[in-house]
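# A look at the structure
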Amino acid sequence: MIIDILFLIVGLALILVGANLLTDGASAVARRWGVSDMVVGLTVVAFGTSAPELVISVVSAIDGSGELAIGNAVGSNIFNVLAIVGITALVRPIKVEKITMSADIPMVILSSLVLLAMGLGPLLGDGESRTLWRSNGIVLLLFFAIFMRYTFAQAKKANPEDSAASDSVKPMPAWKAWLWVVLGLAGLVFGGDKFVDGASGIASALGVGDAIIGLTIVAMGTSLPELATSIAAALKGKPGLAVGNVIGSNIFNIFMVLGVSATIRPLAFGAIGPVDLTVLTAACILFWIFGRFFSTRTITRAEGAVLTAGYAAYVAWLIASTLQA
């Protein structure tokens, strides 16, 4: 048990450090190639914050732990919308851009609905088991390609000075940038392997399934980059950056992370049931409703409190259902 906890901590530390190094190095390389800050922020930086989820889900898929892979993505997205947006709004109300409300958040809702439909396949008369097959993974990757096409189209229309990456992408020598990329990838791969070993070991020792561990400990751990980024943005008086952070991460987690993982190896939903997928979809819809109808495109502190309370209620339900099992 102690060794498993050590693996969990060391693995998570390596993942977070690796993601940071990979993001800094890749951003510097992109800048040297003449790619705009906007494109860097919407692609390289967004990928960097979702790298922990990607690595852990892929490693879990390879190891045959489908529940851990799906639970990681679903749990991270629930944490992003309810906890991160909620806490950030409590720190400072979040002003949401019009284009975000009309296009970006609906894309997040769409990603959740697609996963919900795939998870309810047997109930809808599609197939005999609740599994993300390779064909499903390819469909998710196609959605991701559409999202990236849209992102680049929007980036071309945007003013480079408005990029969220402008203040964070620092120039560095080419050799250092590539060294950061290599070290970052190494940290992600090695850390992801140790993290999955530790999480699975703890689950076995506690008699808890991979699904619960994925939805809670792993999800919260891999969402630390998003949480840190969002809180820092709020404290700097830029809470709106938290919305883009959450949106990009949620879309990446479902369309790319699960798409790649399921393409490598089919993922069984297992204990990741309709309730978890419905909570994710409902959270995204509630996020959109708060920003669209109850205020002038602003997530208020009161709404942030509702979102945060919603996450606490979900975790309480998970714990209660586990104790009853």
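Relevant structure appears above.
Everything in this summary refers to the structure shown in the same document. Numbers given for residues are sequential positions, taken from 1 along each chain in its written order. The predicted origin of the model limits local features to residues at a pLDDT of at least 70 and limits the giving and counting of side-chain atom pairs to 80 or more, whereas totals for whole chains, interfaces and linings rest on all residues. Excluded from the side-chain calculations are hydrogens and water; all other atoms, namely the structure's heavy atoms, are used.

## Some points on the environment of L179
Assignment of secondary structure puts L179 in helix 6 (residues 174-206). Here the alpha-carbon distance between L179 and G25, two residues 154 residues apart in the chain, equals 7.5 Å. Think of it this way: any DSSP run of H or I at least four residues long counts as a helix, any run of E at least two long counts as a strand, and we number them from the N terminus.

## Considerations on the nonpolar core
As used here, the term nonpolar core means buried Ala, Val, Leu, Ile, Met, Phe, Trp, Tyr and Cys residues forming a set that is joined through side-chain atoms within 4.5 Å. Exposure is judged per residue with a 1.4 Å probe applied to protein chains only, and the accessible area is read against the type maximum: over 50% gives exposed, under 20% gives buried, and values in between give partly exposed. Ranked by internal contacts, the top residues of the largest apolar core, which has 60 residues, are L132 and I299. Listing elements by their share of this core, those giving two or more residues are helix 2 (37-62), helix 3 (66-91), helix 4 (98-119), helix 5 (134-157), helix 7 (210-222), helix 9 (240-264), helix 10 (274-292) and helix 11 (301-324). In terms of residue count, the dominant contributor to this core is helix 3 (12 residues). Listed in part, the 19 residues of the second largest apolar core include L8, L22, I56 and V208.

## Remarks on the environment of M172
Mapped onto the elements of the fold, M172 is located in the loop between helix 5 and helix 6. Judged by relative accessible area, M172 falls into the buried class, the value being 14%. As for M172 and A28, which are separated by 144 residues in sequence, their C-alpha atoms are 6.4 Å apart.

## A closer look at the packing of helix 6 against helix 7
Relative orientation of the contacting elements helix 6 and helix 7 amounts to 120°, with a least axis distance of 10 Å. One way to sum up the angle between helix 6 and helix 7 is to call them oblique. Seen from above, helix 6 lies across helix 7 with right-handed handedness. Between helix 6 and helix 7, the residues in contact are F195, A199, S200 and A203 and D210, I213 and V218, respectively. When grouped by side-chain class, the residues that make up the contact of helix 6 with helix 7 number five nonpolar, one polar and one charged. In this description, a line fitted to the C-alpha atoms serves as the axis of each element, helices being fitted only across the stretch in contact, and the angle between N-to-C directions of two axes falls anywhere from 0 to 180 degrees. For classification, angles of less than 35 degrees are called roughly parallel, those exceeding 145 degrees roughly antiparallel, those between 65 and 115 degrees roughly perpendicular, and all remaining angles oblique. Left-handed is the label given to a crossing in which the near helix is rotated counterclockwise from the far helix by less than a right angle, and right-handed is the label when the rotation is clockwise. When checking whether two residues touch, look at their non-hydrogen atoms; a contact exists if any pair is within 4.5 Å. Three classes are used: nonpolar for Ala, Val, Leu, Ile, Met, Phe, Trp, Tyr, Cys and Pro, charged for Asp, Glu, Lys and Arg, and polar for all others, with Gly counted as polar.

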